[in-house]
Each structure stands twice: as structure tokens, then as C-alpha cells.
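# Residue-level structure breakdown
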Amino acid sequence: MTSASVTSRPGDLLALALEVAREAAELVREARAGTVEVADTKSSDVDVVTETDRASEALIRERILAARPDDSFLGEEGGRSIDGSSGIRWIVDPIDGTVNFLYGIPHYAVSIAAERADDLGGGEMIVGVVIDVASGTEYAATAGGGATRDGRPIGVRAEAPLAERLVLTGFSYSAEVRGVQAAAVARMLPKVRDIRRLGSCALDLCRVAEGGADAYVEEGVQVWDHAAAALVAREAGARVELTKGATGRDVVIAAPSSGFAAFRTLAVASGFLG
Ligand code: 2AM
Ligand code: CA
């Protein structure tokens, strides 16, 4: 049972997510001012984790579960899910863009989403907060409540011809997958304005949300990378699809709703999708 004083209103969850994300972003910002070293590797030698990833996640988990002890929690560095009984699950990336963080490239984020369980065993994302740590920019959304940047509403770009679209993408930590992705990029590049590889799935989706890019496609991303930012993008007028990529891993495709179908067709023809 959830304690009587704990509600699951999206506005309350958003306020908590923002407060905790700000605290984590501050921790990450301060850590970057010192020395940053690799603490461990995960799926491959270039899939790294730093002590700051772990410290940021520990802070977020502690704060959220202290406020809402009956909730569930899934974090990138946590290894396993903590199962609660309230029907609310937090999905957290303590640093999205860890390689940028390691190298001091100022493009990484803290991402916190809240999902509400439905009767069918699935869930609906109801709150998303992404903070760009270096700039301090705050992206937020609630389901049906719109998306904001620093508290002001944001929206996607108008549909452009494919040849004039700026596309964001990213590459896997697996060398084998990167080969497939490189071939897909080579096929797409002559058909669009240009391609950018910025290094953070969450910030790429927020960029589509605020009209700072026309589309995003990337295979190999995980639920904590896109949970919060996909809600921000959807609430800003994007369509975001999660499907299987060319090597069988999850792929995210996002674009303003009006031009989504044309971009998806190009992504398939280029070899991004399975
Ligand atoms: P991370 O920084 O938290 O690891 C980079 O292309 C983007 O993809 C980042 O958002 C990165 O998240 C994410 N990503 C997650 N898993 C990945 C994987 N196995 N290979 C490559 N990128 C991954
Ligand atoms: Ca991540």
C-alpha cells in the first residue's frame, strides 16, 4: 500500500523529478571540475562507467525512494530493478553521454522518467525530466501536459523536404554494430541535409523536441536513455517509435509527426531497421 500522504499526480512526480535531477546535475557538474577516470567497463572496453555515474544514480535512488518508498526503480548502473507496490516505476540514466563526460565534451545529461503501470502489465511514461548538465538547460514533460525547456513550452520544427533535414544519430559501443551503422549512415547521408553525432540519446531527443534538429535514429539505446526524453519529444509534437534495428537491438526513431513517415521510410531504405 502506498502511504496516504504520497500521491501519484503527474505534477507531484514532476516536481520531485526536477528537484532530484537538479541535485544530481550539480553533483555531476562538480565532479567534472575535478579528475574523471574510468571506474569499470560494461558491454565492451569502450562502454565505460565512472564513479560519478554511480554516485549520481545512488543520489537519485536514495532521494526518490526516501520520498516514495513504495515505488519501483530502474537505473542504468543499478544492475537490477527495485520492485515496489505503488504502480509507479522510475527509470533513470544518471549520466547520458558518459563518453562526453569522460572527455570533457560539454554534452551530457541527467535523465529521470516516471512510468505508471497499466492493467495489461505494461506501462505509460507520465513524467520526464532531462537536464543538460553543462548548460543547465532543463527539459520537462508530463503526459498530456506538453513539454517545456526551462519552464517555457517547446515544439518541433515544421516538416522539411528530406533533402533539407538535419539528422541526429549515434553509434554503438560494439564494433560489429558500428560497422552496420556506418553503412546505414553512408546510405542516408546523400539523401539529407547532414548528419550529427552528438553522443547523448536523451539530448538528441530533446533537440528534436525543441526544433533543433529534424530527426533522430539510433540502434542500441536502452530504456533509461530515452524514457524521459521520448516523452518530452512526443509532448512537443514528435512521433517516437521504438522498434528493432538492423542487428536486432532496440532502435529509436523520432521526427516531427507530420514528416515522420517519410523519414522512417528513408531509415528503412538506408538499413537502420531490421
Ligand atoms: P550512455 O552515455 O549512458 O552510455 C550514444 O550513442 C548514446 O547511446 C548515449 O546516449 C549512450 O548512453 C547510449 N547507449 C546506451 N547503450 C549503448 C550501447 N550499448 N552502445 C552505444 N551507445 C549506447
Ligand atoms: Ca545512457
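Residues numbered from 1 in each chain as written. Chains lettered and ligands numbered in written order. Predicted model: local features only at pLDDT ≥ 70, side-chain atom pairs only at ≥ 80, totals over all residues. Heavy atoms only, no water.

If you check an unreviewed UniProt entry, the chain appears there as Inositol-1-monophosphatase from Nocardioides jejuensis. One UniProt comment on the chain, placed under Pathway (unreviewed entry), says "Amino-acid biosynthesis; L-histidine biosynthesis; L-histidine from 5-phospho-alpha-D-ribose 1-diphosphate: step 8/9." Among the UniProt annotations of the chain, the heading Function (unreviewed entry) holds the following wording: "Catalyzes the dephosphorylation of histidinol-phosphate to histidinol, the direct precursor of histidine." (UniProt positions renumbered as here; feature names shortened; annotations may be inferred.)

### What to know about the sheet that holds strand E12 (residues 215-219)
Within the open sheet, the five strands sit side by side as E11-E10-E12-E14-E13. Their pairing is mixed. The outermost strands of the open sheet, each flanked by one partner alone, are strand E11 (194-196) and strand E13 (238-244). Averaged over all pairs of adjacent strands, the angle between strand axes in this sheet comes to 20 degrees, irrespective of strand direction. As defined by bridge partners, E12 adjoins strand E14 (residues 250-256) across four bridges and the pair is classed as antiparallel. From the neighbouring strand, valine 217 faces E14, where its bridge partner is isoleucine 253. Helix H5 (residues 201-209) rests against strand E10 (166-169), E12, E13 and E14 of the sheet, and its axis sits at about 155 degrees to E12. Lying on the sheet, helix H7 (residues 260-270) is in contact with E10, E12, E13 and E14; it crosses E14 at an angle near 145 degrees. (Pairing = 2+ DSSP bridges. Helix = DSSP H or I, 4+ residues; strand = E, 2+ residues; numbered from the N terminus. Axes fitted to C-alpha atoms, helices over the stretch in contact; angles between N-to-C directions. Contact = heavy atoms within 4.5 Å.)

### Points about the packing of helix H4 (residues 175-188) against H7
Contact geometry of H4 with H7 gives a least axis separation of 8 Å together with a crossing angle of 125 degrees. It follows that H4 is oblique to H7 by the angle criterion. Seen from above, H4 lies across H7 with right-handed handedness. Here Ala183, Ala184, Arg187 and Met188 of H4 lie close against H7, whose contacting residues are Phe263, Leu266, Ala267, Ala269 and Ser270. Grouping the constituent residues of the contact of H4 with H7 by class yields seven nonpolar, one polar and one charged. (Parallel < 35°, antiparallel > 145°, perpendicular 65-115°, else oblique. Left-handed = near helix turned anticlockwise from the far one by under 90°. Nonpolar A, V, L, I, M, F, W, Y, C, P; charged D, E, K, R; others polar.)

### Some details on the coordination of the calcium ion (ligand 2)
Six octahedral donors around a metal ideally sit at 90 or 180 degrees from one another, while four tetrahedral donors ideally sit at 109.5 degrees. The protein atoms that coordinate the calcium ion (ligand 2) are Glu76 (OE), Asp93 (OD), Asp96 (OD) and Asp225 (OD), at distances of 1.9 to 3.1 Å. Because the angles between the six donor atoms bound to the calcium ion (ligand 2) fall within 59 to 159 degrees, the donor set is best described as irregular. In primary sequence terms, the donor set of the calcium ion (ligand 2) follows E-x16-D-x2-D-x128-D. Here aspartate 93, found in strand E4 (residues 88-96), pairs with aspartate 225, found in helix H6 (residues 223-235); they are 132 residues apart in sequence, far enough to count as distant. With relative accessibility at 9%, the residue aspartate 225 sits in the buried group. (Donors = N, O, S within 2.8 Å, 3.2 Å for Na, K, Ca; no water. Tetrahedral: all angles 85-135°; square planar, octahedral: opposite > 155°, others 65-115°. Buried < 20%, exposed > 50% of the residue type's maximum accessible area, 1.4 Å probe, protein only.)

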